[in-house]
Amino acid sequence: MKKCVALVAVVGLILVSGASAANQELNNDMSRCTSGNGPAVLVQIRGVKESSGKIRVQSYPAIPGAWLAKGRWLQRVESPATEGSMNICIPVPAEGKYGIAVRHDRNGNGKTDISQDGGGFSNNPSISILNLGKPSVNKVAFEAGPGVTRITVNLKYM
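Residues numbered from 1 in each chain as written. Predicted model: local features only at pLDDT ≥ 70, side-chain atom pairs only at ≥ 80, totals over all residues. Heavy atoms only, no water.

Engineer: Help me out: how do you make sense of the packing of aromatic side chains in this one?
Structural biologist: Per the counting criterion, the structure on display carries two aromatic pairs. The interplanar angle of 70° and the centroid separation of 5.8 Å between the aromatic rings of Trp-67 and Phe-121 together place this pair among those described as edge-to-face. Separated by 54 residues along the polypeptide, Trp-67 in the loop between strand E3 (54-61) and strand E4 (75-80) and Phe-121 in strand E7 (residues 118-121) bring together distant segments of the chain. We classify Trp-67 as buried; its relative accessible area is 9%. Using a relative accessible area of 9% as the deciding quantity, one classes Phe-121 as buried. Through successive ring pairs, a cluster of aromatic residues spans Tyr-60, Trp-67 and Phe-121. (Phe/Tyr/Trp six-rings, centres within 6.5 Å; stacked < 30°, edge-to-face > 60°. Helix = DSSP H or I, 4+ residues; strand = E, 2+ residues; numbered from the N terminus. Buried < 20%, exposed > 50% of the residue type's maximum accessible area, 1.4 Å probe, protein only.)

Right, here's the structure in full:
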């Protein structure tokens, strides 16, 4: 009986600690992406069309059931858009495989306006109308190490 109670307690602790890493909205704290810190992903975003609205960067575990699934993102960082290029630091809970989604909400309304907003993904996969702009997890997955992993995301607009 004591072993059963201990097992339930351990499983509960794991579930609670796992849940705390999910759905965290963070500030763009670039100090998390300096040498000696991590694990974190330094996302260089290129091709921001204009300095209006917000850039939203979300990390997901690189598993089919979680990638781009509603409410399954791990961390989210929003920042005012800066035309051209900008850097966003997004911490990840541990070393492992992740996918990153970036969206430029040009009018800042919090909704996806297909004809106006821009977007991109880790590994910069091609996007077509056939997959409704949602590449497979295999195309976006990358390995985040114990320190700071650097990636570049090129935004695309309609």
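Engineer: What should I look at first to understand the confidence of the model for the chain in this one?
Structural biologist: Close reading of the predicted structure is inappropriate where its pLDDT is low. In the predicted model, the chain carries a mean pLDDT of 85, and 83% of its residues have values of at least 70. For the stretch residues 1-20, pLDDT sits under 50, and the model shows zero contacts to residues farther than four places along the chain or on other chains. (pLDDT = per-residue confidence, 0-100. Contact = heavy atoms within 4.5 Å.)

Engineer: Please explain the pattern of salt bridges as it appears in this structure.
Structural biologist: Pairing between side chains becomes possible if they bear opposite charge and their charged atoms approach one another. Taken as a whole and judged by the stated rule, the model has six salt bridges. Put simply, Lys-54 and Glu-78 hold a salt bridge, and the shortest N to O gap is 3.9 Å. Of the two residues, Lys-54 is situated in strand E3 and Glu-78 in strand E4; the sequence distance between them amounts to 24 residues. Judged by its relative accessible area of 30%, Glu-78 falls in the partly exposed class. (Salt bridge = Lys/Arg side-chain N within 4 Å of Asp/Glu carboxyl O.)

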